[in-house]
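Each chain, letter by letter, is given below.
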Amino acid sequence: MKAIAKKKKKRSMQDWILDGIIYMVLVIILLVCLYPIWYVIVCSFSNSSDVIQHTGLYLWPDSFNLEAYGRVFQNRMVQRGFRNTLLILLCSLPLSLVLTLFCGYFMACKNMMFKKPIVFLMLFTMYFGGGMIPGYINMMELNLLDSMWSLVLPSAISIYNSIICKTAIEAIPESLSESAYIDGANDFQILIRIITPLIKPTLAVLLLYYLVGQWNSWFAASIYIKTEEKLPLQNILRYILMENSTTELGEEYNEYAATIKYAIIVVASFPIMCVYPFLQKYFTKGVMIGAVKG
């Protein structure tokens, strides 16, 4: 009986047909999702005249051209946007990770003084916000308008990310913390030396969340930043795409207007596409850790 049970079940014709239909649908969905990305890449390596005149599917450049990328990288406006975005990330990412780690540890600790009302207030902010006008007034009263810190401080911590961090900390056996307390360690030492190394996958995922959020952010800068030299890259990209012109880059860029737009999209997306593969291996483990407790 065991030998018979080990034999593979013979697949019927209906199973093969159903699998074929499922694979076909998945391939079609994959092509629909990938073609817009491929179209942008192809157009960025083409001549403007070819992009304007071409109709239908565009699968390969009619004439390979790197002029659009050369114009983009030579432009000071785009260079300033990159510099400002990298400066914002350099300041915001360490601050966000530290605050999220501390907040998650606070929510995971038991018998903490005033824990319930404080956690309630933090969760309240997830569902109700002051709004755009109170936020603007707040930045104005703090003298943060037209400053990089107006883009860093309001988004320094996410309660949702703190809950993910809290769940990961709760999955660590309490015996580790109790042993450390007996040996004379305080909460800060336990957090840095014991908990942080054990939740590195979760911290990597949170780093990715904050990185993508800050990199794609443009709305806050459009409200708080008034000086053109301080605008991040996404605001420059948005202006070029929304206005449908490259006059902001200079008159000599109008000749390559059609391809410059696509080149800027590729340039703005490429850094995130390079970072994601290095953090992808932590993604599933980091999100799911602590989700199921035995």
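1. Digging into the packing of aromatic side chains
Consideration 1: Considering all chains together, one arrives at 11 aromatic pairs under this definition.
Consideration 2: Between Tyr39 and Tyr58, the aromatic rings sit 6.4 Å apart at their centres with planes inclined by 65 degrees, giving edge-to-face as the arrangement. Remark: Tyr58 occurs in the loop between α3 (48-53) and α4 (67-74) and Tyr39 occurs in helix α2 (residues 13-44); sequence separation between them is 19 residues.
Consideration 3: Its relative accessible area of 24% is what places Tyr39 among the partly exposed residues.
Consideration 4: Here Tyr58 falls in the buried class, since its relative accessible area comes to 1%.
Consideration 5: Look at Tyr39 and Tyr262: their rings are 5.9 Å apart centre to centre, the planes differ by 90 degrees, and that puts the pair in the edge-to-face class. Pair noted here: Tyr39 is in helix α2 and Tyr262 is in helix α15 (residues 257-288), with a separation of 223 residues, a long-range link.
Consideration 6: Among the aromatic residues, those joined into a ring-pair cluster are Tyr35, Tyr39, Tyr58 and Tyr262.

2. Quick word on the side chain of Ser92
Consideration 1: Looking at where Ser92 falls in the secondary structure, it is placed in helix α5 (residues 76-108).
Consideration 2: For Ser92, the residues in contact, after removing those within four places along its chain, are Val152 and Gln214.

3. Overview of the pattern of salt bridges
Consideration 1: Counted according to the given criterion, the structure contains five salt bridges.
Consideration 2: We note a salt bridge from Glu174 to Lys110, for which the minimum N-O separation is 2.8 Å. Here the residue Glu174 occupies a position in helix α10 (residues 174-182), and Lys110 occupies one in the loop between α5 and α6 (115-127), the gap between them amounting to 64 residues.
Consideration 3: Residue class for Lys110 comes out exposed when judged on its relative accessible area of 60%.
Consideration 4: A salt bridge links Asp146 to Lys230, with the shortest nitrogen-to-oxygen separation between them at 3.9 Å.

4. Here we look at a nonpolar patch on the surface
Consideration 1: Together, Met13, Trp16, Ile17, Leu18, Ile21, Ile22, Tyr23, Val25, Leu26 and Ile29 make up an exposed nonpolar region whose accessible area comes to about 1100 Å².
Consideration 2: Following the sequence through the fold, Ile22 ends up in helix α2.

5. Some words on the nonpolar core
What tends to happen in soluble globular proteins is that the nonpolar side chains get buried as a cluster.
Consideration 1: One finds Val72, Phe82, Trp215, Leu233 and Ile264 to be the most contacted residues of the largest nonpolar core, which totals 23 residues.
Consideration 2: Only α4, α5, α12 (200-216), α14 (233-243) and α15 provide two or more residues apiece to this core.
Consideration 3: A per-element tally of this core places α15 first, with seven residues.
Consideration 4: Those residues in contact with Trp215 that sit more than four places away from it in its chain are Phe82, Thr85, Leu86, Leu89, Leu233, Gln234, Ala268, Pro271 and Ile272.
Consideration 5: Counting residues in each nonpolar core, the second largest holds 16 residues, with Tyr105, Ile164, Ile169 and Ala180 among its members.

Rules behind the numbers
- Residues numbered from 1 in each chain as written.
- Predicted model: local features only at pLDDT ≥ 70, side-chain atom pairs only at ≥ 80, totals over all residues.
- Heavy atoms only, no water.
- Phe/Tyr/Trp six-rings, centres within 6.5 Å; stacked < 30°, edge-to-face > 60°.
- Helix = DSSP H or I, 4+ residues; strand = E, 2+ residues; numbered from the N terminus.
- Buried < 20%, exposed > 50% of the residue type's maximum accessible area, 1.4 Å probe, protein only.
- Contact = heavy atoms within 4.5 Å.
- Salt bridge = Lys/Arg side-chain N within 4 Å of Asp/Glu carboxyl O.
- Patch = residues over 30% accessible without salt bridge, like charges linked within 9 Å, V, L, I, M, F, W, Y side chains within 5 Å.
- Areas by Shrake-Rupley, 256 points an atom, 1.4 Å probe, with all protein chains shown as cover.
- Core = buried A, V, L, I, M, F, W, Y, C linked by side-chain atoms within 4.5 Å.

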